[in-house]
Every structure is written in C-alpha cells, then in structure tokens.
Amino acid sequence: MSKKTANQSNSIYQIRITLRHIEPPIWRVLLLKADTRLGELHDILQEVMGWEDDHLHGFRIGQDTYGEPDPGFPSDILNERNIRLDKIASAGDTFVYDYDFGDSWEHELKIEKVMPAEPGTHYPICLDGQRACPPEDCGGPYGYARMLEVFRDPKNEEHEEIVEWLGEEFDSEAFDVDTVNRFMATKIEESPLSSVTEIPVYEDAALDNYTPAELIDIMIEHDDRVLRSVIDACVSRGEQMLEILAHITQPNDQLEEASPGHWWLRLHAVMILGLIPGERAGLLLVDFIHGMSREEDDNLQGWFSGYWPALLRNKPPSVVEPLHDICMDKKAGWFMRANITEAVFSLAQQQGEAELEQTLDWAAQLVMDEEEDWDYRLSVANDLLDYPRDRHRKLLNDMAARQSGFGVHFNEKDINQAYVRGKDTHKQERFSNPWQFYTDKQIEQRQQRWQEEDQRRQERNNGHDSLSEESQAYPFQETYQRDTPKVGRNDPCPCGSGKKYKKCCIGRVAIV
C-alpha cells in the first residue's frame, strides 16, 4: 500500500466499492474528495450503499486498522476521524471497509483513478451501481443468499416470515443512482447542526455538599448528559445512596409515561451500583435485572448488553446463585438471560479454575435441556466455544448440525477452529468500561446523533401530516433542546456488540 503525503485537497478519487462474497455483485462507483477523512468516508459509504449505521465498522488499509477506538479497550485501532484518505492511499490501491462484525460485510474499495475537481461540483457523487443493499441483521452474505432463496419460493415454510421482514415490494435488483445522489446532496446542502444542549458541569467541591436526594435530582434533570463527577459523587455516598437506589431498581409499571429524566435515572442507577462494591449493591443489580426482564424493556437491555460482567465484577460470590436463578428462569427473555450467563462465566473465572470448570458444566446442562429456549441454548453454546473442553465437543457438534436457515450462530468450522486454538479466549475487554458513557466526548457525540436521527426521521416523513408511531422520537434518547415536545417511542437502542441479534443495538457502539 503506497503512502501519499502530497496535498491533494483539489483532487477527486474515483472509487469502486464491491460487497464481497455476493453473487451477482453489489457495487457502486463513487467520486469524492481525496482529502476526505476516514470517519467521513464511513458516513458516505453508509449512504451510498444503503446501510443504516446500526453496527460497528472499521477500515483495513495496509497493515493498519482504522475505526473508532474505545478508551476502555486499548488496541491498535487508529482513530478514523484524524486520518485523511489521500495520506494513506492513492490510485490503484485497494483496501477493505468492514461493517457489522457479526454479519461480516466486507467492502472492497479500489481507487480507480485520481482526477481534478470540477469547479462548482459538489462531492461526493455516485456515478453508478447495481443491486440493492442487503437488509441489516440478515446473517451476512450466506444469510442474505438464503433469505433471497426463501423470498422467491412461496412454497418454502419460511417464506411468509421473510416476506414480512423484507416487505412484499422488496427488490434485490433495485438501484437508483439519482435517489442516492439526492440523499447525499441533501446532506451537503443541509445547514450545520444546531448546537446541542450544553453539558452541565459541577465542581467537585460543590458536589460534596449535595445530599443523595439532590444528586438524584441532578441526574433526572440532565438525562443522558450527566458527567462522571456526578456519578462518582453518588458512589461516595455508599449506603445512603443504596437506600435510594433500592427503590429505583424496582419494576415501574408507569415507565412508559415517565419523563426522559426518570427513564435515564434507571440507567444511571445501574452504573452507580456497578461501581459500589459489596453484596448489597450486587443484589440490587439482581433486582434490577429481574425488573428489567419482567418489563421487557428492550432499550435498557440494549444499553447494557455486553457490560454485565464489568458491572458485576466487584461483587462477591454470594451474588452468583441469584444470577444462576435468572439464567434458569424460562419465563424470562432469552436475550437478558444470555447476557447474565456471560457475567456468570466472568465471575467464575475470578473465583478460580475449579469454579470455572463447574460453571462450564452447568452451562452445558442448559444447552442440553430440550425444553429450553432454542435461541438461549445457541447463545450459551456459542459462549462455550470460548472455553473449548473436550467433554463438550460432541454437544457443540450436535448443536451445530441442528442449525440451518437464518441465524446460524456457529458451524463445524467454528468448532474446529476453537479446538485447534485450544485455549480460553472469551473477549470481554471491549465491554470492560461502561462508564465511558459519561465522558464529554461520548456525551457530545450522543447528543449530535440523536439530533441527526431526528432530522432523518423528519426527512423520511416529509410531506406526511403526522409521523407514524414507529418513526416518532423516543423521548429517552433525544435529550438535546428542541422546538417541539419530545413524544412517542423509538425502536430499542442497539448495543454495539457486533453480535447477531435482530433489532438489537449491534452497530451503534453501546453506551456511546
């Protein structure tokens, strides 16, 4: 991969984008400024391809990987927002844009030529392309191919389900370059985003004088714009704060009618409990998990997905048994139970090898239970792949053989790779720091995102007298100041874990 150092701000790159492992190919040809930053290129690729930006992404250029680094997960990922394309690639170079690490969509980008910018022309511009973008969360290239096969076969037993998902009018061959360019031109001509709500700042000395109840009021007032200093002040109150949080973690039948601040308070309560060590804080978290599962609050489940091991890691072994009870509660939702099972594995690791081995066998029994929820069994079996034990291999092979169609979690190849690797590789580092939620940068990015999403909803509904219930803004997300009241309920928040779970936060980075 060649490196460009000359100033190419007046140059235009012509890039061919091809979605790998798809036949017939899905491709686009794009013109964009050579000095486009990779973070901007990500946004452009989402538009020109037709994705919804609901999952993690990254660029592989030469030996380097660019993306959005996680402060709580040290890695070699370089910040895409600081890198200009013309500094790292030039004519003839090819690199990869990965989107949704669960479905593994690989886009090959080739810089076909470099040309001077035409005066008066606004870039980026899509020159051509073929075929529609696959739907989100469809299982990657294999899943999409299978989906199209079923969609085109009215006799297939899964046909109605897929038609309901895609819609009767779905056309895999549809592509309109003019529509794509109109969307991109609209973004270029849009006025800059209005300033988001200012982040409230409290001096540590002032926070020291607040009572626990007053700290609660601060969190209710500022929704998702609360700074870490406020959370730390709550943690410092110890037992006094636990007395108040004990009531907040209980099920709330009026949650739908609650103010945004009261909804966000429950998220803050979990964050605080995760920082307070000891049994009582751990048992209050268990109560919260029970309540969240009973309420079927998909939004809260999405925000915390992947982070339960971190939230429970400073809790004593006495919380393990009630966590086991949650995992074995067949009346609870499988997704919540799968998240807590990961936390049980993590706590077992902390207690030592003997406890881990016993926990793995307990999980294997859950997988073998034919009366268990199938999705939960698959999720737990997938976790067992991170801890390959010879005594579990036959069970995993049997589970792989029983999977077909959509939503395949793992196959025989995955099992073979895990056992060839032969060591525990459960990766929880990415989700080790849910409290990055409270950094200035994450707060600002979150507010801007809510505003951008609101603008997109308004664009989609332009010309309609009223917004549909599905497209209305969910008040517990959008906390920047607006001219009109915040009403309705949005889709569940994605978690950013990259895992395959339909309609579950996977592409937005969780807690950011």
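The rules we used
- Note on numbering: residues in each chain are counted from 1, in written sequence order.
- Since the coordinates come from a predicted model, pLDDT governs what is reported: local features require at least 70, and pairs of side-chain atoms require 80 or more to be given and counted, while whole-chain, interface and lining totals use all residues.
- Side-chain descriptors were evaluated using all non-hydrogen atoms of the structure, hydrogens and water having been removed beforehand.
- Here a strand is any run of E in DSSP of at least two residues, a helix any run of H or I of at least four, and the numbering for each starts at the N terminus.
- Burial classes follow relative accessibility: with a 1.4 Å probe on protein chains only, a residue under 20% of its type's maximum area counts as buried, one over 50% as exposed, and anything between as partly exposed.
- It only takes one pair of heavy atoms within 4.5 Å for two residues to be counted as in contact.
- All accessible areas in this document rest on Shrake-Rupley with a 1.4 Å probe, and a residue is counted as covered only by the protein chains that are shown.
- Between the N-to-C directions of two axes lies an angle of 0 to 180 degrees, each axis being a line fitted to C-alpha atoms and, for a helix, fitted only over the stretch in contact.
- Here the word oblique covers every angle except those under 35 degrees (roughly parallel), over 145 (roughly antiparallel) and from 65 to 115 (roughly perpendicular).
- Throughout, a crossing is termed right-handed when the near helix is turned clockwise from the far one, and left-handed when it is turned anticlockwise from it by less than a right angle.
- Under this grouping Gly is polar, as are all residues other than the nonpolar Ala, Val, Leu, Ile, Met, Phe, Trp, Tyr, Cys and Pro and the charged Asp, Glu, Lys and Arg.
- Stacked, edge-to-face and tilted are the three classes for Phe, Tyr and Trp ring pairs, Trp counted by its six-membered ring, which pair at centre distances within 6.5 Å; planes under 30 degrees apart are stacked, over 60 edge-to-face, the rest tilted.
- Sitting over a ring, as applied to charges here, requires NZ of Lys or CZ of Arg to be within 6 Å of the ring centre and within 35 degrees of the ring normal.
- By definition, a salt bridge exists where a carboxyl oxygen of Asp or Glu is found within 4 Å of a side-chain nitrogen of Lys or Arg.
- Working note: the arc is built from the helix axis to C-beta atom directions.
- As used in this structure description, the phrase polar contact means that two N or O atoms lie within 3.5 Å; if the pair is within protein, one of them must be able to donate a hydrogen and the other to accept it, and residues adjacent in sequence are counted only when both atoms belong to side chains.
- Each pair of strands is called paired provided DSSP finds at least two bridges between the two strands.

**Student:** Please clarify how the overall build of the chain should be interpreted in this entry.
**Tutor:** Of regular secondary structure, the chain possesses 19 helices and 8 strands. Among the 512 residues that make up the chain, the fraction classed as buried is 52%. Here the contacts in the chain between residues at least 6 apart in sequence split such that 69% fall between residues at least 24 apart. As displayed, the chain offers around 24300 Å² of accessible surface, 46% of which is attributable to carbon and sulfur atoms.

**Student:** Before we go on, may I ask you to explain the packing of helix α6 (residues 212-222) against helix α9 (residues 260-275) in this structure?
**Tutor:** Between two packed helices, what matters for the description is the angle formed by their axes and the separation of those axes. Here α6 crosses α9 at 125°, and the two axes come no closer than 7 Å. On the basis of the axis angle, α6 is oblique to α9. Seen along the crossing, α6 lies across α9 with a hand that is right-handed. Taking contact as the criterion, the partners of Ile 216, Met 219 and Ile 220 in α6 are, on α9, Gly 261, His 262, Leu 265, His 268 and Ile 272. Among the residues making up the contact of α6 with α9, the classes are represented as 5 nonpolar, 3 polar and no charged.

**Student:** What am I meant to see in the environment of Trp 264 here?
**Tutor:** For Trp 264, the position within the fold is in helix α9. It is 9.7 Å that separates the C-alpha atoms of Trp 264 and Arg 225, two residues lying 39 residues apart in sequence.

**Student:** Looking at this structure, how should I read the packing of helix α15 (residues 353-368) against helix α16 (residues 374-384)?
**Tutor:** Packing of α15 against α16 leaves a shortest axis separation of 8 Å and a crossing angle of 145°. Note on packing geometry: the crossing formed by α15 with α16 is left-handed. Across from Leu 360, Ala 363, Ala 364, Leu 366, Val 367 and Met 368 in α15, the residues of α16 making contact are Tyr 376, Arg 377, Val 380, Ala 381 and Leu 384.

**Student:** I tried to follow the packing of aromatic side chains on my own but got confused; where do I start?
**Tutor:** Each aromatic ring pair is described using two quantities: the centre-to-centre distance and the angle formed by the ring planes. A full pass over the atoms with the stated rule returns 15 aromatic pairs. With 5.5 Å between their ring centres and 50° between their planes, Phe 304 and Trp 308 make a pair best called tilted. Per residue, the accessibility class of Phe 304 equals that of Trp 308, and both read buried. Counting every residue linked through ring pairs, the aromatic cluster contains Trp 263, Trp 264, Trp 303, Phe 437, Tyr 438 and Trp 450. The aromatic ring of Phe 437 is capped on one face by Arg 446, whose charged end is 3.6 Å from the ring centroid.

**Student:** Is there a simple way to think about the environment of His 122 in this case?
**Tutor:** One can find His 122 in the loop between β7 (105-116) and β8 (125-130). Taking the C-alpha atoms as reference points, His 122 and Leu 32, separated by 90 residues in sequence, lie 9.0 Å from one another.

**Student:** Got a minute to help me understand the pattern of salt bridges in this structure?
**Tutor:** Opposite charge on two side chains allows them to pair when their charged atoms are near. Enumeration according to the criterion identifies 24 salt bridges in this entry. Note that Arg 146 is salt-bridged to Glu 149, the shortest N-O span being 3.5 Å. Of the two residues, Arg 146 and Glu 149 are both situated in helix α2 (residues 140-151); the distance of 3 residues between them amounts to about one turn of the helix. Residue Arg 280 is joined to Glu 239 by a salt bridge in which the shortest nitrogen-to-oxygen separation is 3.0 Å. One end of the pair, Arg 280, is in helix α10 (residues 279-295); the other, Glu 239, is in helix α8 (residues 239-248), and 41 residues separate them in sequence. Via salt bridges that share partners, Arg 20, Arg 60, Asp 98, Glu 106 and Glu 108 belong to a single interconnected network.

**Student:** I would appreciate a short explanation of helix α18 (residues 412-421) in the present structure.
**Tutor:** For an α-helix the count is 3.6 residues per turn, leaving residues at separations of three or four pointing the same way. Among the residues of α18, Ile 415, Ala 418 and Tyr 419 are the ones counted as buried. Considered in projection along α18, the buried side chains sweep an arc of 90° and stay on one side of the axis. Exposed residues pointing more than 90 degrees away from the buried face of α18 are listed as Lys 413 and Val 420. Tucked inside the fold, the buried residues of α18 contact α17 (393-401). The N-terminus of α18 is capped by Asn 411, whose side-chain oxygen sits 3.1 Å from the backbone nitrogen of Lys 413. Gly 422 lies just past α18 and shows a positive phi near 70°.

**Student:** Can you help me understand the sheet that holds strand β4 (residues 64-67) in this one?
**Tutor:** Within a sheet, each strand pairs with its neighbour through backbone hydrogen bonds, oriented either parallel or antiparallel. Spatially, the 8 strands line up as an open sheet ordered β5-β4-β3-β6-β7-β1-β2-β8, and their pairing is mixed. Every other strand in the sheet has two partners, leaving β5 (78-79) and β8 as the edge strands with one partner each. Where strand β3 (residues 57-61) meets strand β6 (residues 94-99), 4 bridges bridge the pair, whose relative direction is antiparallel. Looking across to β6, one finds that Arg 60 is bridged to Val 96. Running over the sheet, helix α1 (residues 38-49) touches β1 (11-19), β2 (26-33), β3, β4, β6, β7 and β8 and is turned about 140° from β2.

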